[in-house]
Amino acid sequence: MTSDEYFSHNCDLCGSDDAAEIECSNFYTNNQPLHVCKSCGLVYIKARRSANRIAEVWSEELYGPTYTARIPAVKARQTYVAGFVDDSIGFKGKSVCDIGGGEGQFLKMIMDPEYGANVYTVEPSKENCDIMSADGIETFCGSVEDFIESEESKTRKFDIVTVMWTVEASQSCRTMIDAAYDILKDDGHLAISTGSRLLVPFKKPLNYYLGPRAADTHPIRFSENSLTGLFAESGFERTHINRFIDTDYMVAIGKKTDKSKKIDWPKDNWEDVVDFFNRWHKETQDHYP
């Protein structure tokens with residue numbers, strides 16, 4: 001087991017160290033502070049352990065004991081993502097790398113003739129890699145940071161990289177998306193899927209969104225603007241986004257560009273974000289105490 005030492009992080013998108021604490025979140029997180037960047041509006045956890053430790057916690061403490069993709073709700077969202085990405089840019093005959101492949105349910109879906117993708121995955125859990133290997137899915141068993149350092153990452157290039165409900169659970173969203181950039185072909189696309197929860201109509205009580213588990217296992221919380229910012233700051237121009245405002249899922253697709261090209265993106269006002277959480281907290285306590 002690696003260390004549980006925590007380190008303080010600045011904003012993942014703009015690098016600012018000026019952030020406001022979203023105080024009402026402490027009611028749900030066992031006093032693990034959630035912050036919002038005053039410069040760009042990103043919602044994030046400052047105190048985080050190492051990337052390897054967080055991957056270890058997911059593999060050994062969360063995924064097997066408390067989480068599985070083999071339930072209808074997860075299968076439904078994976079089906080939604082498969083359909084949206086296929087309708088937007090097409091899977092047929094394309095090479096696809098899924099970062100954080102889990103148990104391989106999504107990859108099995110898109111390798112079937114209906115979609116016709118050639119699939120590969122980077123996944124830290126050995127148990128999950130064994131499951132996928134048995135299903136004929138080629139895997140790299142390790143964290144995305146391990147993959148970046150491997151020879152395999154230098155020789156493989158993909159048409160599409162998918163990151164589904166994983167970028168918000170990584171120690172560094174920028175490291176993960178930089179890895180996606182490096183393994184994509186020059187005209188390749190990145191598809192990110194996450195929950196649609198911020199600056200939209202409330203879709204669940206706040207205690208179903210925030211909880212007392214280790215907060216750094218989900219250190220980033222995205223709005224449309226901050227997700228667009230992640231694309232822009234990582235060398236991608238956003239090309240597609242779903243109707244997230246009344247859908248549980250937010251699915252965005254970006255095309256790889258010249259990384260030296262500056263891409264402007266809209267910021268969230270941090271005070272609006274704090275107000276949103278305060279209203280969400282009040283709504284939860286008024287109706288779901």
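A brief structural summary. (Residues numbered from 1 in each chain as written. Predicted model: local features only at pLDDT ≥ 70, side-chain atom pairs only at ≥ 80, totals over all residues. Heavy atoms only, no water.)

## Digging into the packing of aromatic side chains
Next, step 1: Applying the stated rule across the entire model yields 16 aromatic pairs.
Next, step 2: For the pair F91 and Y115, a centre-to-centre distance of 5.9 Å together with 85 degrees between the ring planes defines the contact as edge-to-face. In this pair, F91 is assigned in the loop between α3 (72-88) and β6 (95-99) and Y115 in the loop between α4 (105-111) and β7 (118-123), connecting sequence segments 24 residues apart.
Next, step 3: Both rings, one in F202 and one in F276, keep their centres 5.3 Å apart while their planes meet at 45 degrees; by these two values the pair is tilted. Of the two residues, F202 is situated in the loop between β10 (184-195) and β11 (220-221) and F276 in helix α10 (residues 270-287); the sequence distance between them amounts to 74 residues.
Next, step 4: Given the relative accessible area of 3%, F276 is considered buried.
Next, step 5: Through pairs of rings, three or more aromatic residues link up here, namely F202, Y209, F276, F277 and W280.
Next, step 6: Looking at K267, its charged tip hangs above the ring of W265, at a distance of 4.2 Å from the centre. (Phe/Tyr/Trp six-rings, centres within 6.5 Å; stacked < 30°, edge-to-face > 60°. Helix = DSSP H or I, 4+ residues; strand = E, 2+ residues; numbered from the N terminus. Buried < 20%, exposed > 50% of the residue type's maximum accessible area, 1.4 Å probe, protein only. Lys NZ or Arg CZ within 6 Å of the ring centre and 35° of its normal.)

## Details of the sheet that holds β11
Next, step 1: What the 4 strands build is an open sheet, ordered β2-β3-β4-β11; its pairing is antiparallel. Each edge of the open sheet is held by one strand with a lone partner, namely β2 (19-21) and β11.
Next, step 2: As judged from the 2 bridges shared by strand β4 (residues 43-44) and β11, these two strands associate in the antiparallel manner. Considered in β11, the bridge of Y44 is made with I220. (Pairing = 2+ DSSP bridges.)

## Details of empty space enclosed by the protein
Next, step 1: A complete count under the given rule lists 2 cavities of 30 Å³ or more for this structure.
Next, step 2: Taken as a whole, the largest cavity holds about 90 Å³ of empty space.
Next, step 3: Contributing to the lining of the largest cavity are T29, L34, I45, Y209, L210, G211, R213, A214, A215, H218 and R221.
Next, step 4: In the lining of the largest cavity, the residues fall into 6 nonpolar, 3 polar and 2 charged.
Next, step 5: Considered as a void within the structure, the second largest cavity measures approximately 40 Å³ in volume.
Next, step 6: Every residue along the wall of the second largest cavity is listed here: G41, V43, L198, L199, R221, S223, S226, D268, V273 and F276. (1 Å grid on protein atoms, 1.4 Å probe; cavity = no way out; pocket = protein on both sides within 12 Å on 5 of 7 lines; lining within 4 Å. Points joined across faces, edges and corners; volume = space filled by probe spheres on them. Nonpolar A, V, L, I, M, F, W, Y, C, P; charged D, E, K, R; others polar.)

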